[in-house]
Amino acid sequence: MATERIQMESELRDRLRAPATGNEAVEAALSRRYDAGFVTDIESDSLPPGLDEGTVRAISARKHEPEWMTEWRLKAYRHWLTMTPPHWAKLRIGPIDFQAISYYSAPKGPKYKSLDEVPRELIETYDKLGVPLHERAKLAGVAVDAVFDSVSVGTTFQKELAAKGIVFCSMSEAVKSHPELVKKYLGTVVPQGDNYFAALNSAVFSDGSFVFIPKGVRCPMELSTYFRINAGHTGQFERTLIIAEEGASVSYLEGCTAPMRDENQLHAAVVELVALDDASIKYSTVQNWYPGDENGVGGIYNFVTKRGECRGPRSRIVWTQVETGSAITWKYPSCVLRGDDSAGEFHSVALTHHCQQADTGTKMIHIGRNTKSKIVSKGISAGRGQNTYRGLVKIEKGAEGARNHTQCDSLLIGKRCGAHTFPYIEVKNPGAIVEHEATTSKISEDQMFYCRSRGIGEEDAVSMIVDGFCKQVFRELPMEFAVEAKKLLEVSLEGAVG
Amino acid sequence: MGAFLDSMLAGRDGLGGVRAEAAAALLRDGLPGPREEAWKYTSLRALEQRRYAPAPGEATDVPALAAFALPGVDGARLVFVNGVFQPALSDLQAAPGVEILPYREHPGQLDKDLEGHHGTGSADAFLRLNTALVEDGASIRVVAGADAGAPIHLVILGAPAAADLAWQLRLQVELGAGARLSLVEHHLGNDEHAHLGNLVANYVLGAGARLELLQVQDAGERATLIRRGSFHVGEDAQLAATTLEAGAQMTRHDFRVHLAGRGARLESRGVFVLHGRQHADTHMDVRHEARDTSSDVLWRGVADQRSRGVFHGAITIAEGADGADAALSNKNLLLSPQAEIDTQPALEIYADEVKAAHGATVGQLDEQALFYLRTRGIPLDAARRILVSAFCSAVFADLQPAVLRERLDELLATRLPQAGE
């Protein structure tokens, strides 16, 4: 792995050392700004727009869910009706008409029994996106659950994983095949009424991934989910639940894209992670939802609740995120460090360009003794982008010997962007050590001059400097994702200089 | 209406102009609740239920001058006891070009100053309360080019009275172009009263002016003290502020600095030392509004026993304020399992040619440093005191004259954990 990485990096370096790009190359690059913006022409079976108890029941019925699941959803829906949308974030959000959204959309036809039955258009969609669903899957060595609009269209390597006792399937399948596990864990980290968007998700969630790693098992391959929004006027509300039993470990990746549309589509997901004694979960996200155009028209509203709980002693949860897409990103992947000696980490690169806005960060709640957390957040603002880090480090009374280190750096590219940092530090135990540092700066003239004097074009120089700025986070990503993340940043920043 | 506002505003129907407006707004909105971000860590629930007698009330025991003298602070002196100006204890002799007007003797000036600052940040409940009811305080003006010389000593004293009082004070300080002023804001009192003090101070620094402000807050340990300082710093003007927060049961200190002119500069040093059930909440709000402005904020905090220290340090760099250079550091020591520190350094940046950094830490004494001192034969208690004291007095390192610095170190020493505790 290490040698591969070195090779990849040297390749990237070679590419960056290439002579300054001429106008033609820049033009070409600009035109491929959002590669994933195509629409797959496939017939879909959608619920009409609108939300009431009937909608919730209809979703539950389409998924042939048992009675308890329907009731669980309805309870969440009734609670949601009593809530008001939160306004505290530093975001300008257009009004969301919850009655104008279609809450369920799935490719038409019977449910596919195996990947061979998945229509060619869908397989091609994922091929185009570089997600291996078929033969290539074997080569890539990554198990994939592909979610298209509201449903999972296929999960690879299920048999191989099942041999080890690992359950990796869509949430709808899990409700049927492992109801005892779903009942036991669903909503225990993010309760139905946790916040406005989590309550909405609990009522109408359509699919998502379910992962269960039994006691003592190390998952032999990376698991991943690829989310794709395709249909217009729909929202995507997926729910992911990952459970690692005692001593188990898993690395999970998540990627997302959507077509270019001039409407703001809502994506309100909930992710829950549970790590028991000595378990370890690594959750990586490369988020590339459609960001809207240069004038801020269209793009996805990405309002997600992600939370992990280190329930057992010595458990560990690592969040890594690269957020380059979405018109608005609003999420705080968090860790509740309940078990003694448990550890939480959060590594993030968030980029806002044009009119994108991001209000993201993490919460580290230290409850157990000797709990440790580390936060590395890198924000890049370009164009008119507004990028906010908001985080909480809370040391409860019993968290003797707790330790936190937080580092937040912001890079400004351009005159009209903004970078903001709002950390909250609350300490109730004198045996804890909490450190926070933050810096904000622009790419300096000196750095640029140095690169230019070595014959590196302006765009490439910016790309190199940004790459260096983000390296600390990229290092945490599985290699395939690290390469993709680097590419995404380059594409997203095009046109930012000059 | 809670007991507090009732006791403050009942029967005050005769207010006019800006005062009536402020009172009406205060009655409409009440005191801020826990869901208001700026009051997240400071609850006013207990205060809401308290009743205070309206000031002025007769002070029964006013200490002698010597009790509040500070070495090296020997310019003019303004003494307020329980919110009332004391001509007999004061000395208004000042350098040429300096005008000191106590509002009790110049009510017209108070009305003018109130009108002048009407509307600025008026959503604050305590500013409204102050505007509605204030009758005392002073205006201090230094004409362009004048040097006020020796530090002016502003003594705000709480003294025992028949009932717990709530008093309002207003301060208006204006420095003309190139003027220089050194001012000491000194709060003190004893534990025999539980008054509420509410001080609103507005400072205007003209081009090239320099204000050196020392704030020594050593109020009585049952007192509640609310302070709000707004500073408008003009072109190339400098504000150097040093703050010590040691007294009061509950204190809230808002410190808003507008670096409004090109090249304006702020240097702020501060420390809070808390014990018992003290609660201190400091809100620094630094706004870089012009080019090439700079700010350097260094605050430290110590919380022992059941105390709670809150520090909010926000730096905003407005669009167009290129060349801004901002640094903020907040380090805290948490000495007891029942104490709490909440710190919140925030950056809001809308310009790109800037340098901005902040850091915050919460921790305890360095074990290695303690070990070192103990190997030199210093008992654990004494070693801890030495280290805590060194941690705090770093903020006074540049303070002049040395005798004043020593006095503050002595004051600090009395507030640190005592041997055997």
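No experiment lies behind these values; they were computed from the predicted model shown.

## A look at the overall build of chain B
Helix and strand counts for chain B stand at eight helices and 20 strands. Computed over the C-alpha atoms, the radius of gyration of chain B is 21 Å, within 12% of the 22 Å expected from 2.2 N^0.38 for a compact globule of 421 residues. The principal-axis extent of the C-alpha atoms belonging to chain B is close to 70 × 55 × 45 Å. Out of the 421 residues belonging to chain B, those deemed buried represent 57%. In chain B, the share of contacts with a sequence separation of at least 24, taken over all contacts with a separation of at least 6, comes to 84%.

## Details of the side chain of A:Ser348
Residues and elements named next belong to chain A. The residue Ser348 is located in strand S17 (residues 343-352) in this model. A distance of 3.0 Å separates polar atoms of two side chains, one belonging to Ser348 and the other to Gln321. If near-sequence neighbours (up to four positions away) are discounted, Ser348 is found in contact with Gln321, Val376, Ser377, Lys378 and Val473.

## Section: the pairing of strand S14 (residues 316-323) of chain A
All names here are of chain A. Counting buried residues in S14 gives seven out of eight residues, a clear majority hidden from the surface. Where strand S12 (residues 280-287) meets S14, eight bridges bridge the pair, whose relative direction is parallel. Bridge pairing links Ile281 to Ile317 in S14. Note: S14 against S17, eight bridges, orientation parallel.

## Details of the pairing of strand S13 (residues 250-259) of chain B
All names here are of chain B. Of all 10 residues in S13, eight are buried; the element is thus mostly enclosed. Here strand S11 (residues 224-233) runs beside S13; their pairing, made up of 10 bridges, is parallel. Bridge assignment links Phe231 to a residue of S13, and that residue is Val257. Bridge analysis of S13 against strand S15 (residues 279-288) gives 10 bridges, and the strand direction is parallel. Within the sheet, the bridge partner assigned to Arg252 lies in S15 and is Asp281.

## With respect to the interface of chain B and chain A
Facing 35 residues of chain B, the contacting portion of chain A comprises 33 residues. Interface area, chain B with chain A, both sides summed: about 2,700 Å², of which 47% is carbon and sulfur. Counting across the chain B and chain A interface gives five salt bridges. Here A:Lys428 ties to B:Glu340 by a salt bridge, and the two come within 3.8 Å at their closest N and O atoms. Inspection of the chain B/chain A interface yields 20 residue pairs in polar contact (both at pLDDT 80 or more). Where the side of chain B that touches chain A is concerned, the elements lending two or more residues are strand S19 (340-349) and strand S20 (355-363) of chain B. Here the side of chain B that touches chain A gets 10 residues from one element, more than from any other, and that element is S19(B). Looking at the side of chain B that touches chain A residue by residue, the classes come out as 17 nonpolar, eight polar and 10 charged.

## What to know about helix H13 (residues 479-493) of chain A
Since the α-helix packs 3.6 residues into each turn, any two residues three or four apart lie on the same face. Residues and elements named next belong to chain A. Over its 15 residues, H13 extends 21 Å from the first C-alpha to the last, a length consistent with the 21 Å expected when each residue adds 1.5 Å. In terms of burial, H13 is largely enclosed, as 11 of its 15 residues are buried. Considered for burial, the residues of H13 that qualify are Met479, Phe481, Ala482, Val483, Ala485, Lys486, Leu488, Leu489, Val491, Ser492 and Leu493.

## Things to note about the packing of aromatic side chains
Throughout the structure, instances matching the rule amount to 21 aromatic pairs over all chains. Here A:Trp80 and A:Phe98 contribute two aromatic rings whose centre-to-centre distance is 5.3 Å and whose plane-to-plane angle is 75 degrees, an arrangement assigned as edge-to-face. Residue A:Trp80 is located in helix H4 (residues 67-81), and its partner A:Phe98 is located in the loop between H4 and strand S2 (105-107); the two are separated by 18 residues in the primary sequence. Each residue in the set A:Tyr77, A:Trp80, A:Trp88, A:Phe98, A:Tyr196, A:Phe197, A:Tyr301, A:Phe303, A:Trp330 and A:Tyr332 is aromatic and connected to the rest through ring pairs, giving one cluster. Cation over ring: A:Lys378 sits above A:Phe469, and NZ or CZ is 5.0 Å from the ring centre. Between the NZ or CZ atom of B:Arg300 and the centre of the ring of B:Phe391, over which it lies, the distance is 4.9 Å.

## Observations concerning the confidence of the model for chain A
Taken over all residues, the pLDDT of chain A has a mean of 85, while the share at 70 or more is 88%. A low-confidence stretch, residues 12-32 of chain A (pLDDT under 50), is modelled with 20 contacts involving residues beyond four sequence positions or located in other chains.

## Overview of the confidence of the model for chain B
Residues of chain B with pLDDT of at least 70 account for 97%, and the chain-wide mean is 92. The ipTM for the predicted assembly is 0.87, set against a pTM of 0.88.

Here is what the cut-offs are and how they apply
Per chain, residue numbering runs from 1 following the sequence as it is written. Here chains are named by letter from A upward and ligands by number from 1 upward, in the order in which they appear as written. Two thresholds apply to this predicted model, a pLDDT of at least 70 for residue-level local features and 80 or more for giving and counting side-chain atom pairs, whereas whole-chain, interface and lining totals are computed over all residues. Note that the side-chain values use all heavy atoms of the structure and ignore hydrogens as well as water. The secondary structure listing takes helices from DSSP runs of H or I that are at least 4 residues long and strands from runs of E that are at least 2 residues long, numbered from the N terminus. All radius of gyration figures rest on C-alpha atoms, and the globule criterion is 2.2 Å times the number of residues raised to 0.38. Summary of the burial criterion: residues with accessible area below 20% of their type's maximum are buried, those above 50% are exposed, and those between are partly exposed, where the area comes from a 1.4 Å probe applied to protein chains only. What makes two residues a contact is simply this: any of their non-hydrogen atoms within 4.5 Å. Identification of polar contacts relies on pairs of N or O atoms within 3.5 Å, with a donor-acceptor requirement for protein atoms, meaning one able to donate a hydrogen and the other able to accept it, and with residues adjacent in sequence counted only if both atoms are side-chain atoms. A pair of strands is treated as paired once DSSP finds two or more bridges between them. Buried surface area refers to the total accessible area, computed with a probe of radius 1.4 Å, that the two partners give up upon joining, counted for both partners together. The working definition used for a salt bridge is a side-chain nitrogen of Lys or Arg within 4 Å of a carboxyl oxygen of Asp or Glu. In this classification, the charged set is Asp, Glu, Lys and Arg, the nonpolar set is Ala, Val, Leu, Ile, Met, Phe, Trp, Tyr, Cys and Pro, and all remaining amino acids, among them Gly, are polar. Multiply 1.5 Å by the residue count of a helix minus one, and that product is the helix's expected span. Only Phe, Tyr and Trp rings take part, Trp by its six-membered ring, and two of them pair if their centres are within 6.5 Å. Stacked means planes under 30 degrees apart, edge-to-face means over 60, and tilted covers everything else. To sit over a ring, a charge needs its Lys NZ or Arg CZ within 6 Å of the ring centre and within 35 degrees of the ring normal. Predictor confidence is given residue by residue as pLDDT, running from a minimum of 0 to a maximum of 100.

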